[in-house]
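Coordinates in review
Here are the chains, one letter per residue:
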Amino acid sequence: MIYLTLAFEFFKIGLFSIGGGMATLPFLMDLTAKYDWYTASELANMIAISESTPGPVGINMATYAGYNAAGIPGAVVATLSLTAPALIIIIVIAKFLENFSENPTVKAVFYGIRPTVAALIGYAVWELLKIALVITGSETTQIAYTSVFIFLGAFLLLQVKRLKKLHPLVWIIAGAVIGILFKI
Amino acid sequence: MMNLQKCGELYISFFKIGGLTFGGGLAMLPMLQREVVTERGWCTEEEILDMYAIGQCTPGIIAVNTATYVGYRQAGFIGGVSATLGVVSPSVIIICLVASILQNFIHLPAVLHALAGIRIIVCALMMNTVVTMAKKGIIDKLGAVLFAGGFILACFTPIPTALIIVAAGIIGVIAKRIGGKKTS
């Protein structure tokens, strides 16, 4: 039953991805090794589309992953399963806990989790880089220097304050144009 | 009946919020303020900011957490569910549409080149997210250790991602306890 597997996996993602939509990324990357729902390279496309369409990025990515795994029913199951833990937890907090975010223990937990979540997203980026910047032939693997150059250039440009504020969609369109021009 | 009408309003309001914001998280704030504070008067500016704080330190997508909280406060459990379904509905519709359209064009060379270019840009955008999150999350030596440790464990060991996050939370609590005793 693919729907049960999807529900289980996305419930788990909803329960453990703390700190916003991008925190789901390391889990989505893990799924590429466990199931044949989508490849790591398809995951990169999913991120791009999720960032350039309306809606919360985390929800968009879950919907897309579910759709790739089992069509529209899969998309619905993945999305609802992702939101279920949050729904339960938030209602409990709203009902019983005052000043939840000011609680010292909650603060201590997040003191540990914040740098770790950044590292885990870093791991997902590392996996994506291996696909984006390396050409895997039938016998040899080599580094795609043009791609490395584009990546470094884009990353440096992103450090410029004014460019940083541009909508991700602008960057993604630029990426598509560069991809076609350089025949990457 | 009153409740049912309220649930309808919650669904529609959060459908608008989900469908008209790109990016989720903080990008949602202006839309949320206009719809929930100005138009409907469901809560005050301060409550919205408190909800954001709670949304950021509970599992799940921030947009969903906020929707659940507002909905629950307005109309109980069913209200929470209505608002949550509202905020995710546009994503499900839009992503399923885009994904099914893309399937028909994915074999064209131009589309393949464009996607390869987009993948590189996505890596740069994600790398930038990691840098931003690391700057915010790493506030002392322990943070740096957790960041490095989390990255190495995720990249080179099969330890589950969820376990790494739980361990980081526990380390955070222990570190604060020890640190707290020293200062008192």
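Cut-offs applied
- Residues numbered from 1 in each chain as written.
- Chains lettered and ligands numbered in written order.
- Predicted model: local features only at pLDDT ≥ 70, side-chain atom pairs only at ≥ 80, totals over all residues.
- Heavy atoms only, no water.
- Helix = DSSP H or I, 4+ residues; strand = E, 2+ residues; numbered from the N terminus.
- Buried < 20%, exposed > 50% of the residue type's maximum accessible area, 1.4 Å probe, protein only.
- Polar contact = N/O pair within 3.5 Å; in protein donor to acceptor, adjacent residues only side chain to side chain.
- Contact = heavy atoms within 4.5 Å.
- Domains from an automatic or database assignment.
- Phe/Tyr/Trp six-rings, centres within 6.5 Å; stacked < 30°, edge-to-face > 60°.
- Axes fitted to C-alpha atoms, helices over the stretch in contact; angles between N-to-C directions.
- Parallel < 35°, antiparallel > 145°, perpendicular 65-115°, else oblique.
- Left-handed = near helix turned anticlockwise from the far one by under 90°.
- Buried area = accessible area lost by both parts, 1.4 Å probe.
- Salt bridge = Lys/Arg side-chain N within 4 Å of Asp/Glu carboxyl O.
- Nonpolar A, V, L, I, M, F, W, Y, C, P; charged D, E, K, R; others polar.

The next point concerns the side chain of A:S52. Within the fold, A:S52 resides in the loop between α3 (40–51) and β1 (55–56). The exposure class assigned to A:S52 is buried, which follows from its relative accessible area of 18%. A polar contact of 2.5 Å, which involves the side chain of A:S52, links it to the backbone oxygen of A:A48. Not counting residues within four places of it along the chain, the set of residues in contact with A:S52 comprises A:L169, A:I172 and B:F22.

Below, the discussion takes up the domain arrangement of chain B. Each assigned domain of chain B is listed with its residue range as follows: domain 1 (2–105), domain 2 (106–136) and domain 3 (138–184). Using C-alpha coordinates to define each centre, domain 2 of chain B is positioned 28 Å away from domain 3 of chain B.

The next thing to look at is the packing of aromatic side chains. Each pair of aromatic rings is reported with the distance of its centres and the angle of its planes. Within the structure shown, the criterion is met by two aromatic pairs over all chains. Ring centres of A:Y35 and A:W37 lie 4.2 Å apart, and the angle between their planes is 5°; on these two criteria the pair is classed as stacked. Classification of A:Y35 as partly exposed rests on a relative accessible area of 22%. Looking at A:W37, the relative accessible area reads 9%, which means it is buried. Seen from their ring centres, B:Y11 and B:F15 are 6.0 Å apart, and the 40° between their planes marks the pair as tilted. One end of the pair is B:Y11 and the other is B:F15, both in helix α1 (residues 2–20) and four residues apart, which spans about a single turn. A residue is classified by how much of its surface remains accessible, and B:Y11, at 31% relative accessible area, is partly exposed.

Glancing now at the side chain of A:T116. Position of A:T116 relative to the elements: it lies in helix α5 (residues 104–132). In this view, A:T116 contacts B:L146, B:I164 and B:A168; residues no more than four positions away in its chain are not counted.

This brings us to the packing of helix α1 (residues 2–16) of chain A against helix α2 (residues 25–34) of chain A. Residues and elements named next belong to chain A. Direction vectors running N to C along α1 and α2 enclose 150°, while the axes themselves pass 11 Å from each other. Accordingly, the angle class assigned to the pair α1 and α2 is roughly antiparallel. Note on packing geometry: the crossing formed by α1 with α2 is right-handed. Every residue of α2 that contacts α1 at E9, F10, K12, I13 and F16 is listed here: F27, L28, L31 and K34.

Here we take up unusual backbone geometry. Even without being glycine, A:K183 reaches a positive phi, approximately 50°. Structurally, A:K183 is set in the segment after α8 (168–182).

It is worth spelling out the interface of chain A and chain B at this point. Across the boundary between the two partners, chain A contributes 92 residues, which contact 86 residues of chain B. In this assembly, chain A packs against chain B so that about 7900 Å² is buried in total across both faces, 80% of it on carbon and sulfur atoms. If you look at where chain A meets chain B, you find zero salt bridges. Mapped by element, the contributors of at least two residues to the side of chain A that touches chain B are α1, α2, α3, β1, α4 (57–96), α5, α6 (145–158) and α8 of chain A. The dominant element in the side of chain A that touches chain B, judged by the number of residues it contributes, is α5(A), at 24 residues. For the side of chain A that touches chain B, the per-class residue count stands at 60 nonpolar, 26 polar and six charged.

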